Amino acid sequence: MSILTINNLTHTFDGKILFENACLSINNGEHTGIVGLNGAGKSTFMNIICGRLVQDDGEVLWLNRIKWGYLDQHADIDKSLSVMQYLQSSFKALFDLNEKLEAIYKEMETETDMDQLDVLISRSSSMMNELTKENFYELDSEIKKVANGLGIGNFGYDTLISKLSGGQRAKLMLASLLLSDFDMILLDEPTNYLDIEHIAWLTDYLNKYKGTVLVISHDTEFLDKVCRNIISVEERKIKKYSGNYQQFLVTSAISQKQHAENFEKQQQQIKKMEEFIAKNKARAATAGMANSRKKMLEKIDIIDKPVIIYPSTFNFPYIEVRSKDMLVVKKLEIGYSKPLLPPIDIHMNSETKIWIRGTNGIGKSTLLKTLMGKISALDGSFQFSINSKKLYLEQDLEFYNIDGTAAAYISNCYPKMDTRQIRTQLGKVGIKNDLAIKPISNLSGGEQVKVKLCALMQNQSNFLILDEPTNHLDINAKESLAKALQEYKGAIILVTHEKQFAESVCNKVFDL
């Protein structure tokens, strides 16, 4: 049974047609992944479904009485609440009912009219039965089961939301969504701020979830384990494929090849007809046949030209150095007012590629910021080789001017580069044509990451320090980045929650 139907969806964003007469249906209980290149319109599509964005044309039809929830990692939440108070708000109706029950109990303590007391007893009994039926008295246990599965218990349930990092708040919003009683949940990159063990927990949870799931993700391993259908946002269409991500790759490749062959065949047919018309329309004896061919040509349903996919190519110029002591960390204590971790010892040579692994909030980003001198060490020491040339990618996508263009950002970083050089370098990472002169705020998260990586690529280095570089990157770009890091001859410190990516790049693991 279809619970969501989309008919003739058409939408343009910033002058680019994302969807044109796209049709789709989502059936009850389906677990479906949404994939596509950065900027293809995946998040826009999700926002249209949720009614947060109005489409140019077409209709989005929900089945009556369907309850759905959307994970918006950028939503504003009440930061004055504690972690537990926020999670309990998923059951607001039940907690409100319990407050009314407590008020009745207080009223009963002073009520002397027996008839009125009987009314209060009846009402309280009915409320108690409702709360018991909804397992209200086991809610805290259920809340902690989900919260601990996502690592939220490590924050402390009494901790105020205002004290949490952006990644921790994203986890909190995901937990609240999973706890709510929805028929369908819509998730946009739910694994971005999750650690490996928490991704495994979420995978298991969703596999047992009997409702409908629609999820955008660039984590192919996650999609393979969770999804039984894949929606591909491509060529102005929204195409649905049966099977997990690996099966989609096979089917999609066959479909694209067939599309290209049909397009080429039709173009040849059209060319022959046009040549026949041009050759015969002026001759009286053949004008009738030429006119007939012209009418046939006008009725042909033209096959869209296959979309050219601009690949992202990453390359980090290497300046040679040989050192057994590229980085030496001794009893380093990191944190703010107090240490986050026991003293840290790390030793890297010039070819060490190390994966820093650990739960969210434990201090991975704080460690990198300390090594880069952005945060002072609390105690201990660290020393880079005197010949080290470091490049650093922070997890947070901060731009000095979010309304400026990608080209302007690169120009500001490298004033000696001319316009042609800037456009060439941006083109290498897939920021081509109009993307280079759009406001950065109008670029997708993946496109913003590419701009940051492009800026790094303009320097020679022998030490890369990368904090969650794959966040938001589409699958093709992620594969290209992995290849570049595999070929890089220098040292690397990598923080990522993507096991497959890390293991393809690194030769050492450091667990926090």
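Structure's up top.
Residues numbered from 1 in each chain as written. Predicted model: local features only at pLDDT ≥ 70, side-chain atom pairs only at ≥ 80, totals over all residues. Heavy atoms only, no water.

(A) How the structure looks around the overall build of the protein. On a plain count of helices and strands, the protein comes out with 16 helices and 17 strands. C-alpha atoms of the protein, sized along the principal axes, occupy 110 × 75 × 40 Å. For the protein, buried positions account for 47% of its 512 residues. Nonlocal contacts in the protein, meaning residues at least 24 apart in sequence, comprise 71% of its contacts between residues at least 6 apart. A total of about 26200 Å² of accessible surface is found on the protein, and carbon and sulfur atoms cover 48% of it. Here the protein contributes 61 positive and 64 negative side-chain charges, whose respective centroids are spaced 11 Å apart. (Helix = DSSP H or I, 4+ residues; strand = E, 2+ residues; numbered from the N terminus. Buried < 20%, exposed > 50% of the residue type's maximum accessible area, 1.4 Å probe, protein only. Contact = heavy atoms within 4.5 Å. Areas by Shrake-Rupley, 256 points an atom, 1.4 Å probe, with all protein chains shown as cover. Lys, Arg positive; Asp, Glu negative; His and termini not counted. Charge placed at Lys NZ, Arg CZ, Asp CG, Glu CD.)

(B) Just the sheet that holds strand β4 (residues 57-62), in detail. Taken together, three strands build an open sheet; the order of strands is β2-β1-β4 and the sheet is antiparallel. Looking at the sheet topology across the chains shown, the edges are occupied by β2 (16-27) and β4. On average, each strand axis in the sheet is tilted by 15° relative to the strand beside it, whichever way the strands run. Note that strand β1 (residues 2-13) and β2 share eight bridges and pair antiparallel. Among the inter-strand pairings, L9 is bridged to a residue of β2, identified as A22. Sheet strands touched by helix α1 (residues 42-49): β1, β2 and β4. Its angle to β1, the strand with the most contacts, is close to 125°. (Pairing = 2+ DSSP bridges. Axes fitted to C-alpha atoms, helices over the stretch in contact; angles between N-to-C directions.)

(C) Spotlight on helix α15 (residues 475-487). For α15, built from 13 residues, the straight-helix expectation of 18 Å at 1.5 Å per residue is met to within 8% by its first-to-last C-alpha distance of 19 Å. At the N-terminal end of α15, a side-chain oxygen is found 3.2 Å from the backbone nitrogen of N476, two or three residues along, and the residue is D474. (Expected span 1.5 Å × (residues − 1). Polar contact = N/O pair within 3.5 Å; in protein donor to acceptor, adjacent residues only side chain to side chain.)

(D) View of the sheet that holds strand β6 (residues 184-188). Strands sit in the order β5-β6-β7-β3-β8-β9 across an open sheet of six strands; the sheet is mixed. Lying at the two open borders of the sheet, with one neighbouring strand each, are β5 (68-71) and β9 (237-242). Averaged over neighbouring strand pairs, the angle between their axes works out to 15° when direction is ignored. Judged from the four bridges that link them, β5 and β6 form a sheet pairing that is parallel. What sits directly across from Y70, in β6, is L186.

(E) Examining the side chain of S385 more closely. Within the secondary structure, S385 is located in the loop between β13 (379-384) and β14 (390-393). Take S385: its relative accessible area is 11%, and that puts it in the buried class.

(F) Quick look at the pattern of salt bridges. If you walk through the whole model with that rule in mind, you get 16 salt bridges. We note a salt bridge from E320 to R322, for which the minimum N-O separation is 3.5 Å. Comparing E320 with R322, the two get one shared label, exposed. A single network of salt bridges, built from pairs that share partners, joins K171, D195 and K364. (Salt bridge = Lys/Arg side-chain N within 4 Å of Asp/Glu carboxyl O.)

That is the geometry; function is a separate question.
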